[in-house]
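Chain residues, written in single-letter form:
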Amino acid sequence: SVPAYYREVYEAIRCRTDERVQVEVFQRLLQRTDLSKAVLGQIAEHVDSTDGFLSKLSLYKALALIALAQQGKQPSPNLLENCIQELPKPQLGEPRDLSALRMQPAQEDVLTVSQTLDKLLVRDTVQVELIPEKKGLFLKHVEYQVTSQRYKISVYRRYSDFDVFHEVLLQRFAYRVVPALPPKRMLKGVLTSISEREFIEGRRRALGRFINLVARHPFFSEDELVKTFLTFNGSDVQTKLRDTYKKTGDEFMTNRIATLAKEYLPADIQAQFSTSRELIRNIHNSFHKLRDRAEKMAERSRENATDLLMFGRELSTLGSDASSLPSLASSQSTWGTLRQSLKSLSVEFAVLSDKAAQQGRREEDDVVEKLNLFLDLLQSYRDLCERHEKGVLHEHQRALHKYSVMKRQMMSATVQPKEQASVEQLESRIVQQENAIQTMELRNYFSLFCLHQETQLIFIYLPITSHILGAFVNSQVQGHREV
């Protein structure tokens, strides 16, 4: 059983706005034990933490390990199994004296997204592979194998599964950057320049970009919705996703600082938002043009590969021609030697074609595809800005207008005698509207809070541009060197 002392220590040092214990506070607690650094390191290794916090159970485990170490024993989880009746009590002093270790909520920098690009990229890598199901002569149904490196599992998903996942993700995280999905079908009369198979391959790539941006997002990646989509192997993932969302609700209802967001926002938040939005819009437009150019260059590399291959085949055909020459062709022996040389030369052109094809694939995978990933993120940010302005702000203004109309009706009712029941009903509606406005104001501040964090996320991703441009330069240098 858990000793009362454990619970008292937990209550003394846990974060007041959370049910967890900050790692920094736990480190300070360890310093009070007078144990050696080596032993403290062993204890820390056995204690799990997530995003800088320990759960209540992790703290209890740590307290038991500290007690074992203070008794001169090895701080091993295996020894805890022998504590049948009650866990050992560590020597840490009075619990009320430990409260000084706790960091005050005001010191928490909840607004800052403490991430780097490298940390985001290693959160997960998700592969989306095509598994076509053929019926007759044409491709009727498409299924995808989705493999998460983080969860080490493969699941099978249809486009409709992605669609429902996107729908509930947008409901859950309405105030954050949720990338858009590619279209389900080719638009008739618009995409006639590409084949159906090219469209399906493009859609596969786009779905891969979508799920990787989601799986690496600092807030999405730890959510149950994402885990469900990447790991659920049941027969109806769509129902499972909807049920998962119903249990949690939207982020405003579950985020511990949602109603306090205003307190954490800088005074010039609107000015910062306007400046960042304009800068990101310009970056988006510029990289859109760069992507278009990179696509054309990759296409030219593929076309060059095809032309070189066809050129070589024509040389091979010409060199393999065994037709006998007429007697009046005086240079018969010279032509025979020349034909043999042409056939040998065709092999060299095949090699050149292969090198050009490799360069085209490098430009497509390392440059164009990564530029598309970055552009998807930037576009989702611009979509978020529009949702904020046309959604939260617009609804707030509409609610205020409705409230003012009710107030005028109430003033009119006090001047002109009306039935008591109708006046009371109007008063009740006004109170309800006041509560609705208050909630909308809180949601507006939380929307700004999230927008501020998502803006930081965009800037965290910006260094990816140097990776992309470096890959492009290396591809060009390698291509010219091989030729």
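To start, this report covers the structure provided alongside it. Just so you know, these numbers come straight off a predicted model, no measurement behind them.

## Here we look at the nonpolar core
Membership of the largest hydrophobic core comes to 30 residues, with the highest contact counts inside it found for V146, F162, F165, L169, I211, L230 and L241. Those elements that place two or more of their residues in this core are strand 3 (126-135), strand 4 (138-148), helix 8 (159-172), helix 9 (196-215), helix 10 (224-231) and helix 11 (237-248). Ranked by the residues each element gives to this core, the list is headed by helix 9, at 7 residues. The residues contacting L230, other than those within four sequence positions of it, are D124, V126, V146, S148, Y151, I153, V155, I211 and A215.

## So, helix 11
Taking 1.5 Å per residue as the helical rise, helix 11 with its 12 residues ought to reach 16 Å, and the 17 Å between its terminal C-alpha atoms agrees with that figure. Burial in helix 11 covers these residues: V237, Q238, L241, T244 and Y245. Burial along helix 11 is one-sided: seen end-on, the buried residues are contained in an arc of 125°. With respect to the buried face of helix 11, the exposed residues turned more than 90 degrees away are K246 and K247. Check the buried side of helix 11 and you find it contacts strand 5 (153-158), helix 8 and helix 10.

## Here we look at the packing of aromatic side chains
Taken as a whole and judged by the stated rule, the model has 14 aromatic pairs. Seen in terms of ring centroids, Y175 and F446 are 5.8 Å apart; in terms of plane orientation they differ by 90°. Their pairing is edge-to-face. Taken together, the residues span a long stretch of sequence, with Y175 in the loop between helix 8 and helix 9 and F446 in helix 16 (residues 420-461) at a distance of 271 residues. For Y175, a relative accessible area of 9% puts it in the buried group. Grouped by ring-pair contacts, the aromatic residues Y144, F162, F165, F210 and F229 constitute a single cluster. Between K89 and the ring centre of Y5, over which it is positioned, the NZ or CZ distance is 4.7 Å. One residue, R157, lies across the ring of F229, its end atom 5.2 Å from the ring centre.

Analysis parameters
Residues numbered from 1 in each chain as written. Predicted model: local features only at pLDDT ≥ 70, side-chain atom pairs only at ≥ 80, totals over all residues. Heavy atoms only, no water. Core = buried A, V, L, I, M, F, W, Y, C linked by side-chain atoms within 4.5 Å. Buried < 20%, exposed > 50% of the residue type's maximum accessible area, 1.4 Å probe, protein only. Helix = DSSP H or I, 4+ residues; strand = E, 2+ residues; numbered from the N terminus. Contact = heavy atoms within 4.5 Å. Expected span 1.5 Å × (residues − 1). Arc of directions from axis to C-beta. Phe/Tyr/Trp six-rings, centres within 6.5 Å; stacked < 30°, edge-to-face > 60°. Lys NZ or Arg CZ within 6 Å of the ring centre and 35° of its normal.

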